[in-house]
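Here are the chains, one letter per residue:
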Amino acid sequence: MAVNIKPLSDRVLIEPAAAETQTASGIFIPDTAKEKPQKGTVIAVGNGKKDHNMTVKVGDTVLYGKYAGTELKFDGKDYLIMREDDIFAII
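Residues numbered from 1 in each chain as written. Predicted model: local features only at pLDDT ≥ 70, side-chain atom pairs only at ≥ 80, totals over all residues. Heavy atoms only, no water.

**Q** Hey, could you run me through the sheet that holds strand β4 (residues 70–74) in this one?
**A** By way of backbone hydrogen bonds, the strands of a sheet pair with one another, either parallel or antiparallel. Taken together, 6 strands build an open sheet; the order of strands is β4-β5-β1-β2-β3-β6 and the sheet is antiparallel. With one partner strand each, in any of the chains shown, β4 and β6 (87–90) form the two edges of the open sheet. Strand-to-strand, the axes of this sheet are offset by a mean angle of 45 degrees, without reference to chain direction. As judged from the 3 bridges shared by strand β2 (residues 39–45) and strand β3 (residues 61–64), these two strands associate in the antiparallel manner. Looking across to β3, one finds that T41 is bridged to T61. (Pairing = 2+ DSSP bridges. Helix = DSSP H or I, 4+ residues; strand = E, 2+ residues; numbered from the N terminus. Axes fitted to C-alpha atoms, helices over the stretch in contact; angles between N-to-C directions.)

**Q** Help me out: how do you make sense of the pairing of β3 in this one?
**A** Along any regular strand, the residues point their side chains to alternate faces of the sheet. Judged by which residues are buried, β3 turns out to be one-sided: V62 and Y64 face inward and are buried, whereas T61 and L63, on the alternate face, are not. In this structure, β3 lies alongside β6, joined through 3 bridges in antiparallel fashion. Residue V62 lies in a different strand from β6, and its bridge partner there is I90. (Buried < 20%, exposed > 50% of the residue type's maximum accessible area, 1.4 Å probe, protein only.)

**Q** It is not clear to me how the pattern of salt bridges should be interpreted in this structure. Could you clarify?
**A** Charged atoms that come close allow side chains of opposite charge to pair. Tallying each qualifying case throughout the model produces 3 salt bridges. Two residues, D10 and R83, come together in a salt bridge whose shortest N-O distance is 2.8 Å. Taken together, the positions of D10 in the segment before β1 (11–16) and R83 in strand β5 (residues 77–83) put the pair 73 residues apart, joining distant regions of the chain. For R83, a relative accessible area of 33% puts it in the partly exposed group. (Salt bridge = Lys/Arg side-chain N within 4 Å of Asp/Glu carboxyl O.)

Here you go:
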């Protein structure tokens, strides 16, 4: 996945996971009831700040806040760009 976006400072570019379309019991979720995904894959990582090295790496799957980051569309794909502090965990 080569993307020509290079985040600055402590920012991370994330490709959100697809929203669930079916529950565990088999019920289909309509588009109007789908929740924003809170999980995604790291696509690009900035260099970090002077006194802070980046913890996440390209390819990591991460959990983040529901309203974290800024949504952007690039080459027809949806991405989120957010600070590393907005990421809760690496899974």
